[in-house]
Amino acid sequence: MNFINSFYKKILPSCVLFFLIINCEYYKAYKYNEEGIKELNETKLEDSKTSFYKSISYSYKSYIPTYNIGNTLLQEDDFPAAHEKFQEAIEANPEFKEA
């Protein structure tokens, strides 16, 4: 019984806090990527790249915003740099069909 009480009082709150922190980071990465997509659609190209780089900084599925930076570079007619970003996305996740 003491183990169970100890678990609920000491270990469980730490596990819950860790879980919330991890999910918060994933959520931030997702939100910055979505913000970048919106900016890209509004042709706010510099803003979109900034958002995508912020998303990458959270290290969660970074191949997606990397691919989106490639799309931004395509709109800027920087084809070599866009190709490089698409290659980075493929190297990070060979299963990523969009790239």
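None of these values were measured; they are calculated from a predicted model. (Residues numbered from 1 in each chain as written. Predicted model: local features only at pLDDT ≥ 70, side-chain atom pairs only at ≥ 80, totals over all residues. Heavy atoms only, no water.)

## Quick word on the nonpolar core
Move 1: Counting 9 residues, the largest nonpolar core is built from Phe 52, Tyr 63, Tyr 67, Ile 69, Leu 73, Ala 82, Phe 86, Ala 89 and Phe 96.
Move 2: Looking at this core, the elements that each hand over two or more residues are α3 (63-75) and α4 (79-92).
Move 3: When residues of this core are assigned to their parent elements, the largest contribution, 4 residues, is made by α3. (Core = buried A, V, L, I, M, F, W, Y, C linked by side-chain atoms within 4.5 Å. Buried < 20%, exposed > 50% of the residue type's maximum accessible area, 1.4 Å probe, protein only. Helix = DSSP H or I, 4+ residues; strand = E, 2+ residues; numbered from the N terminus.)

## Topic: the side chain of Lys 49
Move 1: Note that Lys 49 resides in helix α2 (residues 45-56).
Move 2: For Lys 49, a relative accessible area of 14% translates into the label buried.

## Things to note about the pattern of salt bridges
Move 1: For the coordinates displayed, the defined rule picks out 5 salt bridges.
Move 2: Across the salt bridge formed by Glu 46 and Lys 49, the nearest N and O atoms sit 3.2 Å from each other. Residue Glu 46 and its partner Lys 49 are located together in helix α2, separated by 3 residues, close to a single helical turn.
Move 3: The network of salt bridges with shared partners includes Glu 46, Lys 49 and Glu 76. (Salt bridge = Lys/Arg side-chain N within 4 Å of Asp/Glu carboxyl O.)

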